[in-house]
Amino acid sequence: MLTVPENFPPRYISFLEAQDEGFAETVLMVMKQSMAEGKYGILVSSHALDRQAELSQEVPFGEVVEGTR
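Criteria and cut-off values
Within each chain, residues carry numbers counting from 1 in the order of the written sequence. Residues qualify for local features only when their pLDDT is at least 70, as the model is predicted, and side-chain atom pairs are given and counted only at 80 or more; totals for whole chains, interfaces and linings, by contrast, use all residues. Neither water nor hydrogens contribute to the side-chain values; these are computed over all heavy atoms in the structure. Fitted lines through C-alpha atoms give the axes, limited to the stretch in contact for helices. The angle between two N-to-C directions lies from 0 to 180 degrees. Numbering of helices and strands starts at the N terminus; helices are DSSP runs of H or I of at least 4 residues and strands are runs of E of at least 2. Orientation is classified from the angle alone, with under 35 degrees giving roughly parallel, over 145 giving roughly antiparallel, 65 to 115 giving roughly perpendicular, and any other angle giving oblique. Only heavy atoms matter for contacts: two residues are in contact if any of them lie within 4.5 Å across the pair. The nonpolar class holds Ala, Val, Leu, Ile, Met, Phe, Trp, Tyr, Cys and Pro. Asp, Glu, Lys and Arg form the charged class, and all remaining residues, Gly among them, are polar. By salt bridge we mean one thing: a side-chain nitrogen of Lys or Arg within 4 Å of a carboxyl oxygen of Asp or Glu. Throughout, exposure labels follow a simple rule: accessible area from a 1.4 Å probe, protein chains only, divided by the maximum for the residue type, with under 20% read as buried, over 50% as exposed, and the rest as partly exposed. In the analysis that follows, any N or O atom pair within 3.5 Å is treated as a polar contact, provided that within protein one partner can donate a hydrogen and the other can accept it, and provided that, for residues neighboring in sequence, both atoms belong to side chains.

A. Quick peek at the packing of helix H1 (residues 10-17) against helix H2 (residues 21-37). Look at H1 against H2: their axes get within 10 Å of each other, and the N-to-C directions meet at 170°. It follows from the interaxial angle that H1 and H2 lie roughly antiparallel. Residues Tyr12, Phe15 and Leu16 of H1 touch H2, and the partners they reach there are Phe23, Ala24, Val27, Leu28, Met31, Ser34 and Met35. Class assignment for the residues of the contact of H1 with H2 results in nine nonpolar, one polar and no charged.

B. Broad picture of the pattern of salt bridges. Under the definition given, this model contains two salt bridges. For Glu63, the salt bridge goes to Arg11, with nearest N and O atoms at 3.0 Å. Note that Glu63 is positioned in the loop between strand S2 (50-60) and strand S3 (64-67) and Arg11 in helix H1, a separation of 52 residues in sequence. Accessibility expressed as a relative area gives 51% for Arg11, which makes it exposed. Linking Arg51 and Glu66 is a salt bridge whose minimum nitrogen-to-oxygen distance equals 3.0 Å. With Arg51 in strand S2 and Glu66 in strand S3, this pair connects stretches of sequence that are 15 residues apart.

C. A look at the side chain of Gln19. Topologically, Gln19 is positioned in the loop between H1 and H2. Residue Gln19 is classed as buried on the basis of its relative accessible area, which comes to 16%. A polar contact is formed between the side chain of Gln19 and the backbone oxygen of Phe15, at a distance of 3.2 Å. When residues no more than four places from it in sequence are discounted, the contact partners of Gln19 are Ala24 and Arg51.

Shown next, in the form of structure tokens:
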């Protein structure tokens, strides 16, 4: 079961709740980095058969955007 810190932005929590547990664990690590820095949001990119999550200067802190790079 995934443990999400209480201080996470609501968008982070709702995004994690909508994911399968394997991908949610991957995204959670990036979200923790986002929280530590407090500057950037999360960009989730899809590539053929793979999905990735990364910090992005183009996404406001506390937000999650799905797209392609």
